[in-house]
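# Structural characterization, general
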Amino acid sequence: MICEHCKQRNATVTVTQVQSGQKVEHHYCDVCASQFHPFHAEFKQEPVSIQQLLSNWFGSPSWQQQKADEKQQAQPQPQTCPHCGFTYKQFLKEGKFGCPICYDTFSEHLPKLFNRIQAGPQHIGKMPGARSNVYVIKKQIEDIRKRMKVAVDEEQFEVAAKLRDEAKELEKQLQFEGGDVS
Amino acid sequence: MIESFLERATPTWMGVEDDYSDIVISTRIRLARNLDGYRFPLAFTENEALQVEQAVTHAIKDSTKLQENYSYFAIKDLTPLQRQILVEKHLISPQLAKKELVGSILLSDDESTSIMVNEEDHLRIQCMTASFQLQKAYEQANKIDRILEKALPFAFRDTFGYLTSCPTNIGTGLRASVMMHLPALTLTGQMNQIINAMTRLGMTVRGIYGEGSENLGNVYQVSNQITLGKTEDDILADIQSVAEKIIQKERHARGKLMEKAELALEDRVYRALGTLTHARILTSEEAATCLSNVRLGVDLKLIEGIKAMTLNECVVSMQPGFLQNYAGDVLPPAERDRVRAEMLREALFRENVSKPIIGGKGEDSFDV
């Protein structure tokens, strides 16, 4: 048998493909086969980028897509950042935000995101000098308590427990800072 | 001006040698910062870019507290070759080198600190040290950050920390990388296992010659992935302990190789030295492999008379940008392989005390 592709060399490779339920057989020589072996195409795929990962994780799964679409129709204004005009959809596509205000605009989506790609949703590291004082920590605790209440109301007890631990950690820090100040 | 940063392959700070120098090449800390009130580089206008740049350069020029003197260069004013050399020296990122309109760099005189402006974020403060010195590099970066925050309105939220364009840098904005030479772990096939384990610990391992060229020259870069929900100290401590474990494993693997196959290893490293000192055509892949083997030979005291510093220089200067600078001309790839062989021959002959029996100093005259 002659190779289907180059029609010159002997066919030594049989490729069986299942296309829409139909079995199709192709006969190629080893030279042509190595060029378009179906596996080659698969392996040549580009490495998964952060953008793809983001949309895979946080774009709604297909079975929720319809629901999401309905929801969006119910809310006539999709969330848009007032400063740079970015939408959450755009963020999922780019994998990046447009400006610092985006973090305020989309803040409700973010803890879920950060729980997955980071160690947690709350920054516990360094702060700009002027901020690292007792007042800021108090405000942070207040903020966490508020979010804790929301979590409890929504019966997301795991989230609430995590927040409670964060608040405790901050209270410790507050005592430490307080001791330092006085 | 820019020339002074392009001549030397390795800056003077690379000359430090300590207990880790046989495995760790260098340590790098990067802090990502943005200014409140401006859009991130991916969405900003040219005008905004200019304002950010002016604010940053003024903050640096006006500061009396920064110890080093900084030189400013706009990327668009540099030739492609100059940009490439800065990338090869790790002074700027490949992304910054690609910028056509915006983007600039502030380089400290000793080349240990580079501040990239308008790359993916408004500011990227990068500090490098020789060998394994995470704390020292971080302290340096932290100091610059503390000085600049007095003059620049860094975007910060209590919940999310320092805001960055990409959510993979949010929080501390801190990326710590340790560059390691791991020939024995690669040779004994243990790297895949290590890379898998690292991923589970929230860290990554990559090659140094950019994505794709994964482990060219057996040099790997270990860095943290997680930037939010952990303190800077914890991030550094985790990288420190993981890197120490890898160093331990590499030393163990080297010991085992010496114990079980010293002659084969000696053969391997001398063959590599032979290739580097005699080959007439060297691709970057082959050169990187040979340099790695010679380095291993030097570290294991199988080869004497070659300094680790010389090999570090060779690793940097055998890259395409440096080679073309060395040749003083733009070279097509095939020519590069010839010039690379010539350059390495010259560098290692000069160094190698025990002269090869065949050939010798005079043979370069055949090339002319």
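Use the structure listed above.
Residues numbered from 1 in each chain as written. Chains lettered and ligands numbered in written order. Predicted model: local features only at pLDDT ≥ 70, side-chain atom pairs only at ≥ 80, totals over all residues. Heavy atoms only, no water.

### Here we look at the overall build of chain A
Worth spelling out the cut-off: The helix count covers DSSP runs of H or I at least four residues long, the strand count covers runs of E at least two residues long, and both are numbered beginning at the N terminus. Accessible area is worked out with a 1.4 Å probe on protein chains only. A residue is then buried under 20% of its type maximum, exposed over 50%, and partly exposed in between. Contacts were defined at the residue level, with two residues in contact if any of their heavy atoms lie within 4.5 Å. The accessible surface values rely on the Shrake-Rupley method and a 1.4 Å probe; as for residues, cover is taken only from the protein chains in view.
A tally of regular secondary structure across chain A gives nine helices and two strands. A burial count over chain A gives 29% of its 182 residues as buried. Counting only contacts in chain A whose residues sit at least 6 apart along the sequence, the fraction spanning at least 24 positions is 36%. Total accessible area computed for chain A in this model is approximately 12,700 Å², and 51% of it derives from carbon and sulfur atoms.

### With respect to the overall build of chain B
Heads up, the rule is: Here the radius of gyration uses the C-alpha set of atoms, whereas the globule reference equals 2.2 Å times the residue count to the power 0.38. In summary, the charge assignment counts Lys and Arg as positive and Asp and Glu as negative, without counting His or the chain termini. Here the site of a charge means atom NZ of a Lys, CZ of an Arg, CG of an Asp or CD of a Glu.
Along its length, chain B carries twelve helices and ten strands. At 22 Å, chain B has a C-alpha radius of gyration in line with the 21 Å of a compact globule built from 368 residues. With 368 residues in all, chain B has 58% of them scored as buried. Restricting the contact set of chain B to residue pairs at least 6 apart, pairs at least 24 apart contribute 70%. By element, 53% of the accessible surface of chain B is carried by carbon and sulfur atoms, the whole surface being about 15,700 Å². Charged side chains of chain B number 41 positive and 51 negative; the gap between the two group centres comes to 3 Å.

### What about the interface of chain A and chain B?
Defined as follows: A quick way to say it: buried area is the sum, across both parts, of accessible area lost when two parts are put together, with a 1.4 Å probe. Here a salt bridge means any side-chain nitrogen of Lys or Arg lying within 4 Å of a carboxyl oxygen belonging to Asp or Glu. Under the rule applied, a polar contact is a pair of N or O atoms within 3.5 Å (in protein, one hydrogen donor and one hydrogen acceptor; residues adjacent in sequence only if both atoms are side-chain atoms).
On the chain B side, the residues contacting the 38 residues of chain A number 41 residues. Taken over both partners, the interface formed by chain A and chain B buries close to 3,100 Å², and the fraction arising from carbon and sulfur atoms is 62%. The largest contributions to the chain A side of the interface with chain B come from A:Tyr103, A:His123 and A:Lys126, which together make up 24% of the buried area. Taken together, chain A and chain B are joined by three salt bridges. Between A:Lys96 and B:Glu120 there is a salt bridge whose closest N-O contact spans 3.3 Å. Where chain A touches chain B, the interface holds 16 residue pairs in polar contact (both at pLDDT 80 or more). Those elements that place two or more of their residues in the side of chain A that touches chain B are helix 3 (50-58), helix 5 (88-94), helix 6 (101-105), helix 7 (110-117) and helix 8 (134-153) of chain A.

### Considerations on the pattern of salt bridges
Residue and element names in this part refer to chain B. Per the stated rule, a full pass over the model turns up 27 salt bridges over all chains. As a salt-bridge pair, Arg251 and Asp22 come within 3.0 Å of each other at their nearest N and O atoms. Of this pair, Arg251 sits in helix 8 (residues 232-278) while Asp22 sits in the loop between helix 1 (3-6) and strand 1 (24-33), and the two are 229 residues apart along the sequence. Note that Arg146 is salt-bridged to Glu149, the shortest N-O span being 3.2 Å.

### Regarding empty space enclosed by the protein
Sizing a probe to match a water molecule and rolling it over the atoms shows the empty space that remains. Residues and elements named next belong to chain B. Defined as follows: We place a 1 Å grid over just the protein atoms. Points where a 1.4 Å probe fits but has no way out form a cavity, open points with protein on both sides within 12 Å along at least 5 of 7 lines form a pocket, and any residue with an atom within 4 Å of a point lines it. Grid points are joined across faces, edges and corners, and a volume is the space filled by probe spheres set on the points. Charged residues are taken to be Asp, Glu, Lys and Arg, nonpolar residues to be Ala, Val, Leu, Ile, Met, Phe, Trp, Tyr, Cys and Pro, and polar residues to be all remaining types, Gly included.
All told, the structure shown has four cavities of 30 Å³ or more when counted by the stated rule. What the largest cavity holds in volume is close to 380 Å³. Around the largest cavity, the lining is made up of 29 residues, and of these Ile25, Met179, Asn312, Val315 and Val316 lie nearest the centre. When residues of the lining of the largest cavity are traced back to their parent elements, those giving at least two are strand 1, strand 8 (174-181), helix 9 (284-299) and helix 10 (308-317). Considered as a void within the structure, the second largest cavity measures approximately 90 Å³ in volume. Lining the second largest cavity are Met14, Val16, Glu17, Ser21, Val24, Ile25, Ala130, Ser131, Arg295, Ala308, Met309 and Asn312. Within the residue set of the lining of the second largest cavity, elements represented by two or more residues are strand 1 and helix 10. Counted by class, the lining of the second largest cavity contains seven nonpolar, three polar and two charged residues.

### What to know about the packing of helix 5 (residues 134-149) of chain B against helix 8 of chain B
Residues and elements named next belong to chain B. Our working definition: Axis definition: a line fit to C-alpha positions, over the contact stretch in the case of helices; interaxial angles, taken between N-to-C directions, run 0 to 180 degrees. Angles below 35 degrees are treated as roughly parallel, those above 145 as roughly antiparallel, those between 65 and 115 as roughly perpendicular, and all remaining angles as oblique. With the far helix as reference, a near helix turned anticlockwise by less than a right angle produces a left-handed crossing, and one turned clockwise produces a right-handed crossing.
Remark: helix 5 packs on helix 8, axes separated minimally by 10 Å, with the N-to-C direction vectors making an angle of 150 degrees. One finds that helix 5 runs roughly antiparallel with respect to helix 8. Viewed along their axes, helix 5 and helix 8 form a crossing whose handedness is right-handed. Packed against helix 5, whose contacting residues are Leu134, Gln135 and Tyr138, the element helix 8 presents Glu232, Leu236, Ile239 and Gln240 at the interface. Here the residues of the contact of helix 5 with helix 8 are counted per class, giving four nonpolar, two polar and one charged.

### Overview of the nonpolar core
All names here are of chain B. The following threshold applies: For this analysis, a nonpolar core means a set of buried residues of the types Ala, Val, Leu, Ile, Met, Phe, Trp, Tyr and Cys, connected via side-chain atoms within 4.5 Å.
Ile29, Leu123, Leu148, Met180, Ile246 and Val294 are the most contacted members of the largest nonpolar core, which has 85 residues in total. The leading source of residues in this core is helix 8, at 14 residues. Contacts of Met180, omitting those with residues within four sequence positions, involve Ile23, Val24, Ile25, Asn218, Val219, Tyr220, Val222, Ala243, Ile246 and Ile247.

### Looking at the sheet that holds strand 1 of chain B
Residue and element names in this part refer to chain B. To keep it simple, the criterion reads: Criterion used throughout: strands pair if DSSP finds at least two bridges between them.
In spatial order, the strands read 2-3-4-5-1-8-10-9; together these eight strands make up an open sheet with antiparallel pairing. Where the open sheet ends on each side, the last strands, each with one partner, are strand 2 (70-74) and strand 9 (203-207). Going from strand to strand, the sheet's axes swing by 20 degrees on average, the running direction of each strand aside.

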